[in-house]
Amino acid sequence: MKTDPHPWAHDLSQLYAEVWARLTRGVHDRHAPARHPTLATVTPEGRPQARTVVLRAADKAAGALDIHTDLHSSKVGDLRITPFAAVHVWDASAHLQLRLEAHVTLLTGPEVTTIWTSVPAASRLSYGSTPAPGQRIAQALDYKKVADPASFVVLRLAVTTVEALHLGPNHRRARFDRGDDWAGTWLAP
């Protein structure tokens, strides 16, 4: 019988530690699957919206993730009305799916000045666009990108639940909740 190459999936505390290790790796490693998770929000009309984002910070102790975006993006409008989001990561090498739910706080202005100074100059052009992201334009390149610190927003996700599904030789699924101090419980896969 083939042995499971991911023994961390057999124990709730090890699985939870592995989830955060992979999220943290996504912040620092451009090639890590958690670098580009899918962020889902709900529009004011109640329609789901999902998009790929870049994970900029992961703090296991605080149970928090940071994502940077433009103040004028539709996701900011969605989150102003419904401040909850879901994050999805598929890590093929680990056979691991992560689904996280979070309450989102929008940080702007003086709250993000220090973070803005650490954003590389080329990346700053992602925050300040005329017209605003998602607006109709006549031609594909009819827009301007100008680094604008007033358009820079940090989405601070206070993770409320983590669900991990490991598709190893024996499938395992677990849920971890902030409300029970991340103790974890097994779920049927």
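Preceding this section is the structure that the text describes.
What comes next is a walk through the structure. (Residues numbered from 1 in each chain as written. Predicted model: local features only at pLDDT ≥ 70, side-chain atom pairs only at ≥ 80, totals over all residues. Heavy atoms only, no water.)

1. Considering the pairing of strand 2 (residues 48-52)
Relative to strand 2, strand 1 (residues 38-42) runs antiparallel, the two sharing five bridges. The partner of Val42 across the bridge, within strand 2, is Pro48. Taking the residues between adjacent antiparallel strands as the criterion, strand 1 and strand 2 are bridged by five residues, where Gly46 takes a positive phi near 85°. (Pairing = 2+ DSSP bridges. Helix = DSSP H or I, 4+ residues; strand = E, 2+ residues; numbered from the N terminus.)

2. Section: the pattern of salt bridges
With the rule as written, the count across this model stands at seven salt bridges. A salt bridge links Asp66 to Arg156; the shortest N-O distance between them is 2.4 Å. Of the two residues, Asp66 sits in strand 4 (residues 64-70) while Arg156 sits in strand 9 (residues 152-167), which places them 90 residues apart along the sequence. We classify Arg156 as partly exposed; its relative accessible area is 31%. Here Arg99 ties to Glu163 by a salt bridge, and the two come within 2.9 Å at their closest N and O atoms. Highlighted residues: Arg99 in strand 6 (residues 96-107) and Glu163 in strand 9, separated in sequence by 64 residues. Looking at Glu163, the relative accessible area reads 11%, which means it is buried. (Salt bridge = Lys/Arg side-chain N within 4 Å of Asp/Glu carboxyl O. Buried < 20%, exposed > 50% of the residue type's maximum accessible area, 1.4 Å probe, protein only.)

3. A word on the layout of surface pockets
Reported here for the largest pocket is a volume of approximately 170 Å³. Along the walls of the largest pocket sit Arg51, Thr69, Asp70, Ser73, Ser74, Lys75, Ser126, Tyr127, Pro133, Gly134 and Lys145, which together make up its complete lining. Elements represented by at least two residues in the lining of the largest pocket include exactly strand 4 and helix 2 (74-81). Residues belonging to the lining of the largest pocket are distributed by class as follows: two nonpolar, five polar and four charged. (1 Å grid on protein atoms, 1.4 Å probe; cavity = no way out; pocket = protein on both sides within 12 Å on 5 of 7 lines; lining within 4 Å. Points joined across faces, edges and corners; volume = space filled by probe spheres on them. Nonpolar A, V, L, I, M, F, W, Y, C, P; charged D, E, K, R; others polar.)

4. A short note on helix 1 (residues 12-28)
Here helix 1 is 17 residues long and its end C-alpha atoms lie 25 Å apart, about the 24 Å a rise of 1.5 Å per residue gives. Considered for burial, the residues of helix 1 that qualify are Leu12, Leu15, Tyr16, Glu18, Val19, Trp20, Arg22, Leu23, Gly26 and Val27. (Expected span 1.5 Å × (residues − 1).)

5. Overview of helix 2
Among all positions of helix 2, only Lys75, Val76, Asp78 and Leu79 are buried. For helix 2, the arc enclosing every buried residue in end-on projection is 160°, short of the 170-degree limit, so these residues lie on one face. Among the exposed residues of helix 2, those pointing more than 90 degrees away from its buried face are Arg80 and Ile81. The inward-facing, buried residues of helix 2 contact strand 1, strand 2, strand 4, strand 5 (84-91), strand 6 and strand 9. (Arc of directions from axis to C-beta. Contact = heavy atoms within 4.5 Å.)

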